[in-house]
Amino acid sequence: MSTHAEEALASATSDASLVHAQKVSAALEAKIAEDPSRFRVLTGDRPTGNLHIGHYFGSLLNRVKLQQQGVETWLVIADFQVITDRDGVGPIKERVYSLATDYLAAGMDPEKTVIFPHSALPELNELMLPFLSLVTEAELHRNPTVKTELDAAGRQMSGLMLTYPVHQAADILFCKANVVPVGKDQLPHLEQARLIADRFEKHYGHPAGTDQQVFPRPQALLSESGTILGLDGTKMSKSKGNTIELRMSEDETAKRIKKAVTDSERHITFDPENRPEVSNLLTIAALSQNRDPRSIAEEIGDGGAGTLKKVVTESLNETLRPLRSARAEIEKDPAQIHSILQRGIETARAQAQETLSQVREAMNLVY
Ligand code: TRP
């Protein structure tokens, strides 16, 4: 492996490379706006729990925007990734259906977007074999996101935990996505996917009779995820009960916000450094109202935490109202979700089979 590639992979989350990734991402955003037809987006989620407002403001809204711009969008429900850091899949079917329901309720249109669980694509596992030959064990062990997940899981490294980034590269590359909207924790995986695309090209070139690379190099479109914290001021996490899930009712939302941590200072100010909890609530209100958090703080002023919580509850519930009512409608008809997933799987499999045959041709494995 070239030193350049090694460095790129190791530093995919370092500060300097984050700044670089942000620049690349901003340039990409401009290019997409110019000519959306040149791009194919793939992104997705692990069905480990229900989507919450962090997902909503951090990624869902952006996916809907891309779809509205006319970019072809693919959404992978990464159900095999659930077993990277835990035993058993949990109530997987309910979660996959719930995730698909959230996508649709948020405005993803199944006529324009391919939604599929990746376990339904055996071709991905086939792609994984040549892909595994294109990565080194050292690279896999060096992946900072895998390291963090391993620490958080507090268990031994499994073969899947170590190699799932290669399976994720198959998620991205099989459909020839060139844009992958993700948070910064996913940058090492994207770097790995680019290395695989490059090395495949280097070793095997193009399929006979074409001058097209089999795999385009996928670029990250960085999302703002992480801009909101949990209601206790720590990282949002389902297991801590500090989130607001999209599927919650307005009453449940109000109750959660009522219990949110604030501080002892009555006068409300936006000061993320010194007053993280209060500022976080202001950020949620600001995102909901599409306004500046400082001006909301000024308006509340001496109204204190009580007024702040009331403002957050009302504006968040109002913003989520259309999504939640769409959600309730969709939930009444699980057969509709079933058929949308079936269609997604069909489309995705046809693409995966085509890509796989190009791979076989390029590798001269056609008998
Ligand atoms: N690893 C991603 C996460 O934990 C989910 C995912 C799986 C994904 N495959 C992907 C994201 C492909 C983007 C592209 O959220």
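On a predicted model such as this, the values are computed, not experimentally measured, just so you know. (Residues numbered from 1 in each chain as written. Predicted model: local features only at pLDDT ≥ 70, side-chain atom pairs only at ≥ 80, totals over all residues. Heavy atoms only, no water.)

Q: Outline the overall build of the protein, listing residues and values.
A: Of the regular secondary structure elements, the protein holds 14 helices and 5 strands. Computed over its C-alpha atoms, the radius of gyration of the protein comes to 22 Å, within 12% of the 21 Å expected for a compact globule of 367 residues. Counting every position in the protein, which comprises 367 residues, the buried fraction comes to 50%. Put simply, of all contacts in the protein between residues at least 6 apart along the chain, 78% involve residues at least 24 apart. Surface summary for the protein: the accessible area is close to 17,400 Å², and the carbon and sulfur share equals 50%. Charged side chains in the protein number 41 positive and 50 negative. The centres of these two groups are separated by 3 Å. (Helix = DSSP H or I, 4+ residues; strand = E, 2+ residues; numbered from the N terminus. Rg over C-alpha atoms; globule rule 2.2 N^0.38 Å. Buried < 20%, exposed > 50% of the residue type's maximum accessible area, 1.4 Å probe, protein only. Contact = heavy atoms within 4.5 Å. Areas by Shrake-Rupley, 256 points an atom, 1.4 Å probe, with all protein chains shown as cover. Lys, Arg positive; Asp, Glu negative; His and termini not counted. Charge placed at Lys NZ, Arg CZ, Asp CG, Glu CD.)

Q: So what's going on with the site of the ligand? Residues and values would help.
A: The environment of the ligand is formed by 13 residues, the closest being R46, Q81, Q168, D171 and Q186. Note that a nitrogen atom of the ligand is positioned 2.8 Å from one of the side-chain N or O atoms of D171. Coverage of the ligand by the protein amounts to 89% of the 370 Å² it exposes when considered alone. Of all the secondary structure elements, the ones that give two or more residues to the shell around the ligand are β1 (40–45), α8 (159–174) and β4 (179–182). (Near = heavy atom within 4 Å. Polar contact = N/O pair within 3.5 Å; in protein donor to acceptor, adjacent residues only side chain to side chain.)

Q: Before we move on, can you summarise the packing of aromatic side chains with the specific residues and values?
A: Here the structure, examined in full by the defined rule, presents 7 aromatic pairs. Centroid distance F116 to F174: 5.7 Å. Interplanar angle 85 degrees. Geometry classified as edge-to-face. In this pair, F116 sits in strand β3 (residues 113–117) while F174 sits in helix α8, placing the two residues 58 residues apart along the sequence. Judged by centre distance (5.3 Å) and plane angle (75 degrees), the rings of F200 and F215 are edge-to-face. Highlighted residues: F200 in helix α9 (residues 187–204) and F215 in the loop between α9 and β5 (219–222), separated in sequence by 15 residues. Judged by relative accessible area, F200 falls into the buried class, the value being 1%. Judged by its relative accessible area of 1%, F215 is buried. By way of ring pairs, the aromatic residues F131, F200, Y204 and F215 are connected into one cluster. R46 extends its terminal NZ or CZ atom over the ring of Y164, reaching a point 5.0 Å from the ring centre. (Phe/Tyr/Trp six-rings, centres within 6.5 Å; stacked < 30°, edge-to-face > 60°. Lys NZ or Arg CZ within 6 Å of the ring centre and 35° of its normal.)

Q: Break down the environment of L134 for me, with residues and values.
A: Mapped onto the elements of the fold, L134 is located in the loop between α5 (122–133) and α6 (137–142). With 54 residues separating them in the primary sequence, L134 and P188 have C-alpha atoms 16 Å apart. If sequence neighbours within four positions are ignored, L134 has contacts with E139, I196, R199, F200 and H203.

Q: Provide a residue-level description of unusual backbone geometry, including the pertinent values.
A: For residues that are not glycine, phi is negative in most cases, and the peptide bond is trans in most cases. Despite not being glycine, K176 has its phi angle at roughly 60 degrees, a positive value. The topology assignment puts K176 in the loop between α8 and β4. K176 gets classed as partly exposed once you look at its relative accessible area, which sits at 24%. Despite not being glycine, N290 shows a phi value in the positive range, around 55 degrees. Judged by its relative accessible area of 73%, N290 is exposed.

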